[in-house]
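Spelled out from the first residue to the last, the chains are:
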Amino acid sequence: MSKRCYYEVLGVSRDASEADLKKAFRRLAMKYHPDRNTDDSEESEAKFKEAKEAHEVLSDANKRAAYDQYGHAGVDPSMGGRPGAGGGFEDIFGDVFGDIFGGGGRRGQRAQRGSDLQYNLELTLEDAVFGTEVKIKVPTLVSCETCAGSGAKKGTSATTCTTCHGAGQVRMQQGFFAVQQTCPQCRGKGKMISDPCPDCHGQGRKQEQKTLSVKVPAGVDTGDRIRLANEGEAGEQGAPNGDLYVQMHVKPHDIFTRDDNDLFCEMPISIGTATLGGEIEVPTLDGKLRLKIPSETQTGKLFRMRGKGVKPVRGGATGDLLCRVNVETPVKLSNKQKDLLKEFEKSLQDSGSKHSPQHDSWGDRMNKFFDDLKA
């Protein structure tokens, strides 16, 4: 024989409040209690048990949600449900609402993993290119040694939350709309601490500053991260720690600019060296090099020194060093030097335009521009 609908048994609607359920059950209990129906005790007892069963299911938030979702199969152990746990409610209904509200149906039965942390590490270009090992100090939550992370005073233990009965979540209903949310009493833990640890005040964790050694591999750049497993915040009630992510920030360099695996620098050269050619000393991250400057070098010319850049942290060919030369105009000349320079300039003019090809081509383009404007 199939069971009657629990709402029909109590004579209430599906959006009935707890007060409505209690009132309906009390009315039926007064009517069908065996002590009040001695003439027809068997039938009255059956109806009383039916009303009691309906009230027990519908007055429990978890069981009622399971019943609303799956009917009798959700709360009857003989039909696949779980006694006292709302059948398949925690596994199915709870998972759906957990995705929305930030926790599964079993949240109260497992402690939360510790939070991940991030530490911003400033490095010199040299340390980033060649690698280094640094000590960092990280403020974080660590497991309380006094209570071993339980939060309860030594010799005591936490008790099951009386509001959610250890589930960590409660079901809230308004009309036909129902949602499951974190228990406000235990905050999703499913347990309450009546006698908290004096050192951590029931939190199970304490704020401390840890000193860690970080090995920075050669070739890192700004934006790269190093993951230190289990070095984040301590988990709740013995749950795993979070991770620590060390974020790299390479400080600007006085000489070099980095672009991926290449390095750039600018070098001033004299008019004499640019005109006649010669050699200059160029700095690199691992020493000085001699760079040959050919004659008639123009300012802005880029020279490439292969393999003098950065070796990638993930492997591959080492980058290059690119050196841009800037021809420097001499300053603070003596009268004699100025006279020599004037004489030199006049000799260039007397020789025609062959000494300044860029000047002549620029002049031609400028004249064409003004001719086009007049046209």
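Residues numbered from 1 in each chain as written. Predicted model: local features only at pLDDT ≥ 70, side-chain atom pairs only at ≥ 80, totals over all residues. Heavy atoms only, no water.

A.B. asks: Just to check I follow, could you spell out the pairing of strand 9 (residues 244–250) for this structure?
C.D. replies: As a general feature of sheets, a regular strand has side chains that alternate between the two faces. Counting buried residues in strand 9 gives 6 out of 7 residues, a clear majority hidden from the surface. Where strand 8 (residues 225–228) and strand 9 come together, 4 bridges link them in antiparallel fashion. Bridge pairing in strand 9 links Ile 226 to Val 246. (Buried < 20%, exposed > 50% of the residue type's maximum accessible area, 1.4 Å probe, protein only. Helix = DSSP H or I, 4+ residues; strand = E, 2+ residues; numbered from the N terminus. Pairing = 2+ DSSP bridges.)

A.B. asks: I keep staring at the sheet that holds strand 1 (residues 117–123) and nothing clicks. Help me out?
C.D. replies: Sheets are built from strands that pair by backbone hydrogen bonding, the pairs being arranged parallel or antiparallel. In spatial order, the strands read 1-9-8; together these 3 strands make up an open sheet with mixed pairing. Looking at strand neighbours, the two that pair on one side only are strand 1 and strand 8, the edges of this open sheet. Neighbour-to-neighbour, the strand axes of this sheet turn through a mean angle of 25°, independent of strand direction. (Axes fitted to C-alpha atoms, helices over the stretch in contact; angles between N-to-C directions.)

A.B. asks: What is the right way to read the pattern of salt bridges from this model?
C.D. replies: Side-chain pairing between opposite charges can occur once the charged atoms of the two side chains come close. Scanning all chains against the criterion turns up 18 salt bridges. Salt-bridge contacts for Lys 210 lead to Glu 231; the nearest nitrogen and oxygen are separated by 2.9 Å. Of the two residues, Lys 210 is situated in strand 7 (residues 205–216) and Glu 231 in the loop between strand 8 and strand 9; the sequence distance between them amounts to 21 residues. With its nearest N and O atoms 3.3 Å apart, the salt bridge here joins Glu 279 to Arg 290. Residue Glu 279 is located in strand 12 (residues 278–284), and its partner Arg 290 is located in strand 13 (residues 287–293); the two are separated by 11 residues in the primary sequence. A single salt-bridge network, built from bridges that share partners, covers Arg 113, Asp 116, Arg 227 and Asp 243. (Salt bridge = Lys/Arg side-chain N within 4 Å of Asp/Glu carboxyl O.)

A.B. asks: Is there a simple way to think about the environment of Val 214 in this case?
C.D. replies: Within the secondary structure, Val 214 is located in strand 7. For Val 214, a relative accessible area of 0% corresponds to the buried category. Along the sequence, Val 214 and Leu 228 sit 14 residues apart, while their C-alpha atoms lie 8.5 Å from each other. If near-sequence neighbours (up to four positions away) are discounted, Val 214 is found in contact with Thr 132, Glu 133, Val 134, Ile 136, Ile 226, Leu 228 and Val 246. (Contact = heavy atoms within 4.5 Å.)

A.B. asks: What's the story with the sheet that holds strand 10 (residues 257–259) in this structure? I'm lost.
C.D. replies: One open sheet accounts for 4 strands, arranged 10-11-15-14; its pairing is mixed. Of all the strands in the sheet, the pair left with one neighbour each is strand 10 and strand 14 (302–305). Pairwise comparison of adjacent strand axes, ignoring direction, gives a mean angle of 30° for this sheet. Of the strand pairs in this sheet, strand 11 (residues 262–270) and strand 15 (residues 321–328) are connected by 8 bridges, and their pairing is parallel. Bridging from a neighbouring strand, Ser 270 pairs with Glu 328 of strand 15.

A.B. asks: Please explain the nonpolar core as it appears in this structure.
C.D. replies: Core analysis: the biggest nonpolar cluster contains 36 residues, and Ile 136 and Val 246 have the highest contact counts within it. By size, the runner-up hydrophobic cluster in this structure holds 20 residues, among which are Tyr 6, Val 9, Leu 10 and Leu 28. (Core = buried A, V, L, I, M, F, W, Y, C linked by side-chain atoms within 4.5 Å.)

A.B. asks: Would you explain the packing of aromatic side chains in this entry?
C.D. replies: The description of an aromatic ring pair uses the distance of the two centres, along with the angle that the planes make with each other. Counted under the stated rule, the structure contains 3 aromatic pairs. Between Tyr 7 and Tyr 67, the aromatic rings sit 6.1 Å apart at their centres with planes inclined by 45°, giving tilted as the arrangement. Note that Tyr 7 is positioned in helix 1 (residues 6–10) and Tyr 67 in helix 4 (residues 61–70), a separation of 60 residues in sequence. Pair check on accessibility: Tyr 7 and Tyr 67 agree, each one buried. Its end group placed over the ring of Tyr 245, Arg 225 keeps NZ or CZ at 4.2 Å from the ring centre. Between the NZ or CZ atom of Lys 301 and the centre of the ring of Phe 303, over which it lies, the distance is 5.5 Å. (Phe/Tyr/Trp six-rings, centres within 6.5 Å; stacked < 30°, edge-to-face > 60°. Lys NZ or Arg CZ within 6 Å of the ring centre and 35° of its normal.)

A.B. asks: Is there a simple way to explain the environment of Ser 270 in this structure?
C.D. replies: By secondary structure assignment, the location of Ser 270 is in strand 11. Classification of Ser 270 as partly exposed rests on a relative accessible area of 37%. Taking the C-alpha atoms as reference, Ser 270 lies 5.4 Å from Glu 328; in sequence the two are 58 residues apart.

A.B. asks: Would you mind going over the confidence of the model for the protein chain with me for this structure?
C.D. replies: Residues shown with low pLDDT carry predicted positions that ought not to be read at fine detail. Residue-level pLDDT values for the protein chain average 82, and 83% of them are 70 or greater. The model gives residues 80–109 a pLDDT under 50, and that stretch makes 72 contacts with residues more than four places away or in other chains. (pLDDT = per-residue confidence, 0-100.)

A.B. asks: I tried to follow the environment of Lys 288 on my own but got confused; where do I start?
C.D. replies: Among the structural elements, Lys 288 can be located in strand 13. Given a relative accessible area of 63%, Lys 288 falls into the exposed group. With sequence-adjacent residues up to four places away left out, Lys 288 is seen in contact with Glu 281 and Val 282.

A.B. asks: What is the right way to read the side chain of Thr 297 from this model?
C.D. replies: With respect to the helices, strands and loops of the structure, Thr 297 is situated in the loop between strand 13 and strand 14. Given a relative accessible area of 6%, Thr 297 falls into the buried group. Separated by 2.6 Å, the side chain of Thr 297 and the backbone oxygen of Pro 294 make a polar contact. (Polar contact = N/O pair within 3.5 Å; in protein donor to acceptor, adjacent residues only side chain to side chain.)

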